[in-house]
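Architecture at a glance
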Amino acid sequence: MRATSYKGRCTKKRLNKSESVVKLYDELQLAYASILEADEDIKEIRCNFLIDPVDGSDFTSDFVCVKTNEDIMVRECVYRKKLSLPRTAKLLDASRNYWANHGVLDWGLVIDKEVHYED
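Here we summarise the structure given alongside this text. Residue positions within a chain follow its written sequence, with the count starting from 1. Only residues with pLDDT of at least 70 get local features here, since the model is predicted, and only at 80 or more are side-chain atom pairs given and counted; chain-wide, interface and lining totals rely on the full set of residues. Note: side-chain values were computed over all heavy atoms of the structure, leaving out hydrogens and water.

Here we come to the environment of Asn16. Numbering of helices and strands runs from the N terminus; a helix is a DSSP stretch of H or I covering at least four residues, while a strand is a stretch of E covering at least two. One can find Asn16 in the loop between strand E2 (11–13) and strand E3 (22–24). Placed 28 residues apart in sequence, Asn16 and Glu44 show a C-alpha to C-alpha distance of 8.5 Å.

In structure tokens, the structure reads:
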């Protein structure tokens, strides 16, 4: 999830499964977009889909996908280090509730890989 007022850097990319050029705001979104593009069960990809405001601010869901069976799948990209932040939990709950209220059951998180360092 990302605020619509976010002013950070982005990568603009053309995806075959998207009607327009998409804006990807970090490496996690960029990597997951490639995974979705290669997934034969995904027919259409929508990025940064506007949902209901949270605390008066507009937010977007990272990926809203239409599967080949016409089911909707929603994925939010979150870095592991931000999972424990109260604001992140609040926004993810808002997203999950928004999509559940719209009949979407396939909602999930994409979390970056945990890295273990050896001494």
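So that's the structure; there's more coming.
Taking 1.5 Å of rise per residue, the 16 residues of helix H2 (residues 86–101) would be expected to cover 22 Å, and the 22 Å separating its terminal C-alpha atoms lies within 8% of that figure. Looking at H2, one finds that the buried residues are Thr88, Leu91, Leu92, Ser95, Tyr98 and Trp99. The arc that holds the buried residues of H2, viewed along the axis, is 125°, so those residues lie on one side. Among the exposed residues of H2, those pointing more than 90 degrees away from its buried face are Pro86 and Asn101. Should any heavy atoms of two residues lie within 4.5 Å, those residues are counted as being in contact. Looking at the packing, one finds that the buried side of H2 touches strand E4 (42–54), strand E5 (57–67), strand E6 (72–78) and strand E7 (106–111). Working rule for helices: expected span equals 1.5 Å times residues minus one. Each residue gets one of three labels from its accessible area relative to the maximum for its type: buried under 20%, exposed over 50%, partly exposed in between, using a 1.4 Å probe on protein chains only. In this description, the arc belongs to the directions extending from the helix axis to the C-beta atoms.

In this section: unusual backbone geometry. One non-glycine residue with positive phi stands out, namely Asn48, at about 55°. Along the polypeptide, Asn48 turns up in strand E4. Here the phi dihedral of Glu70 falls at roughly 75°; this positive angle occurs in a residue that is not glycine. By the secondary structure assignment, Glu70 is in the loop between E5 and E6.

A separate point is the pairing of E7. Relative to E7, E6 is paired through six bridges, and the arrangement is parallel. Looking across to E7, one finds that Arg75 is bridged to Gly108. A clockwise course of the path from the first strand over the helix to the second, judged with the strands pointing away from the viewer, identifies a crossover as right-handed. Between the parallel pair E6 and E7, the chain is carried across by H2, and the sense of this crossover is right-handed. Criterion used throughout: strands pair if DSSP finds at least two bridges between them.

Next up on the list: the state of the cysteines. Here, two cysteine sulfur atoms that lie within 2.5 Å of each other are counted as a disulfide. The tally for this structure, following the rule as stated, stands at zero disulfides. For the unlinked cysteine Cys65, the closest cysteine sulfur is that of Cys47, found at 7.5 Å. Overall, Cys65 belongs to the buried group, its relative accessible area being 0%. Summary of cysteine pairing: Cys77 is not part of a disulfide, and the nearest cysteine sulfur, belonging to Cys47, is at 8.8 Å.

This brings us to the nonpolar core. Among the buried residues, those of types Ala, Val, Leu, Ile, Met, Phe, Trp, Tyr and Cys that are joined through side-chain atoms within 4.5 Å form a nonpolar core. With 15 residues, the main nonpolar core has Tyr32, Leu36, Ile45, Phe63 and Cys65 as its most contacted residues. Contributions of two or more residues to this core are made by E3, helix H1 (27–38), E4, E5 and E6. Residue contributions to this core peak at four residues, all from H1. Within the second largest apolar cluster, 13 residues are counted, among which are Ile51, Val64, Val78 and Val104.

The next point concerns the side chain of Thr60. Inspection of the secondary structure puts Thr60 in strand E5. Here Thr60 falls in the buried class, since its relative accessible area comes to 7%. Contacts of Thr60, omitting those with residues within four sequence positions, involve Met1, Arg2, Thr4, Asn48, Phe49, Leu50, Ile51 and Glu76.

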